[in-house]
Amino acid sequence: MSPARAVAGFALVASLLWACSPAPSNRPDAEVVVAEVDGAPIVLKDVKNEILSMRGYTPSLEARGPSRGEVSEAVRRAIERTIVLREGQRRGVTLPAGSLEEEVMRFRADFPPGGLEKALLQAGMEPDAWREQLRRSLLYRRSADAIAASGATVTPQEVEAAFRKERNPATVPERIRLRQYLFDSAEGAAVAREKLRAGRRVGGDAGDTGDLSGEGVDLGFFRRDELPPELPAGVFDLPEGGVSEPVSVEGVTSLFQVTRREAARAQTLHGEEARIRESILAPRREAAFRRWLAQATSGAKVKVHAELLQKLVEEKR
C-alpha cells in the first residue's frame, strides 16, 4: 500500500540527487546510512535486503547488481516502512506470540527440505537477517491495519442497505470453519491428531507433538465450493471437531480441524452483518491508509544520500 503522491514526491527528490558523484566507503553495509527519515537512519543493508525481497531472493546482488529503478523502489519502500513502523510503535502495535514462526513455516512449505536456506544463501542473505526482515514486514502489516482501521467507519444503515441490495440468493450455503496445525514430523502430527480427536489441546505441549503453529492457524469459513484444492479430500464432510488425516508437503505436515459447522440457512441481516460490514470497510481502510501515508510522507523530513546509492548501482555492472 503506497500512494502515488508519495511515490511521485520521492521520485522527484531522487531525480534531483542522482546526479551526485559517487563516494567510496569501506564501512559495513549496516553502518552506511543512505537515507534518513526525521533523523531515523536507513542503512545500505536495509536497501539491499529490500531489493532481494523484491527479486524473490534470487539472483543475488553479487551476481547482478541492482538497476537505478530497483534502488529507487527499495529506498521508497524503506522510507514508507520506517514511517509506518514508527506510527505503529506510537500506537503500541506488537506481534502476537508465535506469529513469526507461523509465517516462517508458511515460507518453508514452498521449498523442499533445506530449500529456503539454500535460496537465501544463493541470494547472499543471512537467515537471521531474513527473519528480522520478515518480522518487520509482519509488524508493518499490523501497523498499517491499525492505521487504516482508525480512519474507516461504516454505519448500520449502510450495512442494511447493502444487505437489501444483494439479498440473492436467499439461502446461505453450508459452511465449515477450519483450523490448521503445522508439524515438523508425521509422527508428531499423528500424536496430535489423537489428542485433538479426544478433545484435548496441542498448543500447550509443542515439545511433545512438534506443533509449529502454537494453537493452530484459524483459516476462517469455507463453503464446499470455496475449499482450496490443497486441502485434504473429505475435509468438508468431517463433523464439528473432526480432524483430517495428516497431510505432508515438502517436509511440513498439517492437520485440519473443523472447529465449527454452519448449516445452510436463510439469509438474515443479523447473520450477514459481519460479512457485509467487512466488505464495505475493506476498500475504505485501504483508501484511509493511502491518505494517511501520503500525508505522513509529505510531512516527513527525508534526506537521501544519493551518492552512496549511485555507488550501489555501479557495483557489479
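The following refers to the structure shown. (Residues numbered from 1 in each chain as written. Predicted model: local features only at pLDDT ≥ 70, side-chain atom pairs only at ≥ 80, totals over all residues. Heavy atoms only, no water.)

Topic: the pattern of salt bridges
What the rule picks out here adds up to 31 salt bridges. The closest approach of N and O atoms between Arg-265 and Glu-262, which form a salt bridge, is 4.0 Å. By relative accessible area, which is 24% here, Arg-265 ends up partly exposed. Arg-277 is paired through a salt bridge with Glu-273; the nearest N and O atoms lie 3.4 Å apart. Here Glu-273 and Arg-277 lie together in helix H10 (residues 269-299), a separation of four residues that amounts to about one turn. A relative accessible area of 24% places Arg-277 in the partly exposed class. Salt bridges sharing partners connect three or more residues here, namely Glu-166, Arg-175, Arg-260, Glu-262, Arg-265, Glu-272 and Arg-275. (Salt bridge = Lys/Arg side-chain N within 4 Å of Asp/Glu carboxyl O. Buried < 20%, exposed > 50% of the residue type's maximum accessible area, 1.4 Å probe, protein only. Helix = DSSP H or I, 4+ residues; strand = E, 2+ residues; numbered from the N terminus.)

Some thoughts on the side chain of His-305
Within the secondary structure, His-305 is located in the loop between strand S9 (302-304) and helix H11 (306-314). For His-305, a relative accessible area of 15% gives the class buried.

Structural notes on unusual backbone geometry
Phi at Asp-38 takes a positive value of approximately 50 degrees, unusual for a residue other than glycine. Mapped onto the fold, Asp-38 is located in the loop between strand S1 (33-37) and strand S2 (40-43). Classification of Asp-38 as partly exposed rests on a relative accessible area of 41%.

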